[in-house]
Structure formats: C-alpha cells, structure tokens
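Inside the fold
If you want the building blocks of each chain, they are given just below.
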Amino acid sequence: QRRFGLGLFGLNGAKQQQHRRLLMPALGKAAAEARSAPMIEIIEQTLAGWRAGQQIDLAAAMRELALVVASRLLFGLTDFSEPAAVAGVFQAWIGDYVHINFARTLPLNVPASQYMDWLAAGERLEASLRRLIARRRESLADEQHDLMALLLRAQQAGEITEAEVVGEVQTLFNASYQTTAA
C-alpha cells in the first residue's frame with residue numbers, strides 16, 4: 001500500500017501539486033488528441049482479429065487491449081513482454097489486496113499467510129515495475145513525451161525520487177490498465 005502512497009492519488013499538498021504539474025503535459029487535451037490516432041490504430045488491430053460468432057473472454061480481451069494502449073501511449077514501450085509480466089504480478093497483488101480489505105469489513109479471520117502472500121506479491125510487483133522502468137530508461141530520448149519519459153526526466157533533474165517514479169508508475173499502471181480494462 002505504501003507504493004501507491006508515492007503516486008499522484010496518494011500524495012497531498014505541495015508534493016501532489018508538484019506531481020500534477022509534472023504529469024499535466026502528458027495528460028492534457030493536446031496530448032490526448034495526439035494519442036487518439038495511435039489508439040484507434042491499436043483498437044482496430046485488436047478488432048480485426050475478432051470474427052463473427054467467435055466467443056471472446058471480454059474481460060481478458062479488455063485487459064490485453066488496455067495493457068497495449070497503456071504500454072505504448074503512456075509508457076512509450078513497443079515490447080509488451082515486460083508490461084505483460086507486470087500485469088500478471090499486479091493481478092496477484094490486487095487480488096490479495098481486495099480479499100484482505102474486504103475481509104476487514106466482515107467478522108472473518110484472514111490467515112496470516114494471506115497477508116504474507118500479499119506482502120510478497122507487493123515485493124514482486126515493485127521488482128517488476130523497477131525492471132519496466134529500467135527498460136524504459138534505456139530507450140529514453142529527448143523527443144519522447146509519454147508519462148514515463150516525463151517521470152524519468154524529472155528524476156534525472158532531481159525533482160522526484162526513484163521511489164516516487166515507482167509509485168507513479170504503479171498508480172498510472174493501475175489506472176490505465178486495471179481500471180480502464182474494467
């Protein structure tokens with residue numbers, strides 16, 4: 001949970017304003033309009049693979065589509081193997097998170113092992129996010145203006161910490177992948 005606390009949704013005051021100012025260029029109207037054509041292309045490629053009468057697991061298809069869109073347009077990635085690995089770890093972490101928080105509202109005893117599993121999933125998620133960030137850092141170029149590029153440049157300039165980059169990427173991954181797909 002502390003990982004989310006370092007992302008935009010977990011911050012308050014001056015720190016939250018700093019992060020909002022940092023991310024706004026990539027989230028504003030002009031940036032969204034610039035991403036519409038590539039997003040339409042990704043969606044049309046996905047739909048082209050569907051056939052009339054075909055049964056589709058719509059939840060899985062939407063997660064895959066959201067992952068490709070987020071990976072390419074928000075994180076500047078074209079190889080989706082690392083984001084797919086992050087998505088798998090994220091699913092395990094969020095499943096445990098939901099179960100543990102739901103159990104707190106009911107008179108249920110959650111085994112300590114479930115909590116330990118959640119903590120371990122959080123560690124795997126953070127490690128996966130750090131690998132994703134490292135991969136993106138290797139291909140960082142000045143003309144790129146995706147969210148990950150903005151975060152990495154801000155870190156290089158000393159404006160935010162590595163932990164804040166991880167927190168923002170986790171928050172943005174959750175919003176752009178899990179929430180959008182749902």
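Residues numbered from 1 in each chain as written. Predicted model: local features only at pLDDT ≥ 70, side-chain atom pairs only at ≥ 80, totals over all residues. Heavy atoms only, no water.

One can describe the packing of helix α2 (residues 13–27) onto helix α3 (residues 29–48) by two numbers: an axis separation of 5 Å at closest approach and a directional angle of 40 degrees. Taken as axis vectors, α2 and α3 run oblique relative to one another. Counted together, Pro 25, Ala 26 and Leu 27 of α2 and Lys 29, Ala 31 and Arg 35 of α3 form the full contact between these two elements. Residues that form the contact of α2 with α3 fall into these classes: four nonpolar, no polar and two charged. (Axes fitted to C-alpha atoms, helices over the stretch in contact; angles between N-to-C directions. Helix = DSSP H or I, 4+ residues; strand = E, 2+ residues; numbered from the N terminus. Parallel < 35°, antiparallel > 145°, perpendicular 65-115°, else oblique. Contact = heavy atoms within 4.5 Å. Nonpolar A, V, L, I, M, F, W, Y, C, P; charged D, E, K, R; others polar.)

Once that is clear, we can look at the nonpolar core. Core analysis: the biggest nonpolar cluster contains 36 residues, and Phe 75, Leu 151, Val 169 and Phe 173 have the highest contact counts within it. Listing elements by their share of this core, those giving two or more residues are α2, α4 (58–74), α5 (81–104), α6 (112–138), α7 (147–156) and α8 (162–181). Broken down by element, the residue count for this core peaks at seven residues, all from α8. In this structure, Phe 75 is in contact with Ala 70, Arg 136, Asp 146, Met 148, Val 169, Leu 172, Phe 173 and Ser 176, ignoring residues within four places of it in sequence. (Core = buried A, V, L, I, M, F, W, Y, C linked by side-chain atoms within 4.5 Å. Buried < 20%, exposed > 50% of the residue type's maximum accessible area, 1.4 Å probe, protein only.)

Okay, the packing of aromatic side chains next. This model, assessed by the stated rule, comprises one aromatic pair. On the basis of an interplanar angle of 35 degrees and a centroid distance of 5.1 Å, the ring pair of Phe 173 and Tyr 177 is categorised as tilted. Placement of both Phe 173 and Tyr 177 in helix α8 is noted, with a separation of four residues, approximately one turn of the helix. Across the pair, Tyr 177 and Phe 173 agree in class, each one buried. (Phe/Tyr/Trp six-rings, centres within 6.5 Å; stacked < 30°, edge-to-face > 60°.)

Each pocket or cavity is described by its volume, and for the largest pocket that value is around 430 Å³. The wall of the largest pocket is formed by 21 residues, among which Met 39, Val 69, Leu 74, Ser 176 and Thr 180 lie closest to the centre. Breaking the lining of the largest pocket down by element, the ones donating at least two residues are α2, α3, α4 and α8. Among the elements that make up the lining of the largest pocket, the one with the highest residue count is α4 (seven residues). Tallied by class, the residues present in the lining of the largest pocket amount to 18 nonpolar, two polar and one charged. Put simply, the second largest pocket is a space of about 180 Å³. Lining the second largest pocket, in full, are Ile 42, Gln 45, Thr 46, Trp 50, Ala 61, Glu 64, Leu 65, Val 68, Arg 72 and Phe 80. Every element with two or more residues in the lining of the second largest pocket is listed here: α3 and α4. For the lining of the second largest pocket, the element with the most residues is α4, which contributes five residues. Looking at side-chain class alone, the lining of the second largest pocket contains six nonpolar, two polar and two charged residues. (1 Å grid on protein atoms, 1.4 Å probe; cavity = no way out; pocket = protein on both sides within 12 Å on 5 of 7 lines; lining within 4 Å. Points joined across faces, edges and corners; volume = space filled by probe spheres on them.)

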